[in-house]
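# Observations on the three-dimensional arrangement
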Amino acid sequence: QVQLVESGGGLVQPGGSLRLSCAASGRTFNNIAMGWFRQAPGMEREFVSSINWSGSAPNSADIVKGRFTISRDNAKNLVYLQMNSLNPEDTGVYYCAATTRTYFSRKIYEYPYWGQGNQVTVSP
């Protein structure tokens, strides 16, 4: 079992930056891939970024490549999502998620563990 808690969201102007953090607890955290997803109002939850168990080979959705960076610190049981050059289309609830795999995944159904979500609003 893995428990996840997101933090770091809020209101930011277009072009601004935010860093989301995900605090994880439970066994095998350092051996599983982690991911970030987001959900805009009235939309389905979508993949944002994922990282393998060791922190290598990060993988991100095309729409955020070059702007968002996923990273992890296994010693601190933390996963981060650095978000730069934010635009209004990035607005939504951001979820940290954990899978039982050691390598990254873009598929929502491969993530059995989820945080409660953290709101990110990009607006003037």
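Data block above holds the structure.
The text that follows walks through the structure, step by step, so that each part is easy to find. (Residues numbered from 1 in each chain as written. Predicted model: local features only at pLDDT ≥ 70, side-chain atom pairs only at ≥ 80, totals over all residues. Heavy atoms only, no water.)

## Considering the packing of aromatic side chains
Each pair of aromatic rings is reported with the distance of its centres and the angle of its planes. We count it as follows: We call Phe, Tyr and Trp rings a pair once their centres come within 6.5 Å, taking the six-membered ring for Trp, and we label the pair stacked below 30 degrees between planes, edge-to-face above 60, and tilted otherwise. Secondary structure elements are taken from DSSP: a helix is a run of H or I of four residues or more, a strand is a run of E of two residues or more, and numbering for both begins at the N terminus. Buried residues are those whose accessible area, probed at 1.4 Å on protein chains only, stays under 20% of the maximum for their type, while exposed residues exceed 50% and partly exposed ones sit between those limits. Two conditions define a charge sitting above a ring: the NZ of Lys or the CZ of Arg must be within 6 Å of the ring centre, and it must be within 35 degrees of the ring normal.
Counted under the stated rule, the structure contains five aromatic pairs. Geometrically, the ring pair formed by Phe37 and Tyr111 is edge-to-face, given 5.0 Å between the ring centres and 75° between the ring planes. Linking Phe37 in strand 4 (residues 34-39) with Tyr111 in the loop between strand 9 (92-98) and strand 10 (113-114), this pair joins segments that are 74 residues apart in sequence. Pair check on accessibility: Phe37 and Tyr111 agree, each one buried. Where Phe37 meets Trp114, the ring centres are 5.0 Å apart and the plane angle is 55°; that geometry is what we call tilted. Pair noted here: Phe37 is in strand 4 and Trp114 is in strand 10, with a separation of 77 residues, a long-range link. The exposure class of Trp114 is partly exposed, given its relative accessible area of 24%. Arg45 extends its terminal NZ or CZ atom over the ring of Tyr95, reaching a point 3.7 Å from the ring centre. For Arg45, the ring lying beneath its charged end belongs to Trp114, and the centroid distance is 4.8 Å.

## Observations concerning the side chain of Ser105
For the record, the criterion: For this analysis, a polar contact is any N or O atom pair within 3.5 Å, provided that within protein one partner can donate a hydrogen and the other can accept it, and provided that sequence-adjacent residues contribute only side-chain to side-chain pairs. Note on definitions: a residue-residue contact is assigned when non-hydrogen atoms from the two residues lie within 4.5 Å.
Residue position: Ser105 is located in the loop between strand 9 and strand 10. Here the side chain of Ser105 touches Glu110 through a polar contact of 2.2 Å, side chain to side chain. If sequence neighbours within four positions are ignored, Ser105 has contacts with Phe47, Ser50, Glu110 and Tyr111.

## Side note on the nonpolar core
Put simply, the test is: We define a nonpolar core as any set of buried Ala, Val, Leu, Ile, Met, Phe, Trp, Tyr and Cys residues linked to one another through side-chain atoms lying within 4.5 Å.
With 31 residues, the main nonpolar core has Leu4, Met34, Trp36, Phe68, Leu81, Met83 and Tyr94 as its most contacted residues. Of all the secondary-structure elements, those providing two or more residues to this core are strand 1 (2-7), strand 3 (18-26), strand 4, strand 5 (46-51), strand 7 (68-73), strand 8 (78-83), strand 9 and strand 11 (118-122).

## Description of the pattern of salt bridges
Under the convention used in this document: Should a side-chain nitrogen of Lys or Arg be within 4 Å of a carboxyl oxygen of Asp or Glu, the pair is scored as a salt bridge.
All told, the structure shown has five salt bridges when counted by the stated rule. The residue Arg38 makes a salt bridge to Asp90 at a minimum N-O spacing of 2.8 Å. Residue Arg38 is located in strand 4, and its partner Asp90 is located in the loop between strand 8 and strand 9; the two are separated by 52 residues in the primary sequence. Asp90 carries the same exposure label as Arg38, and that label is buried.

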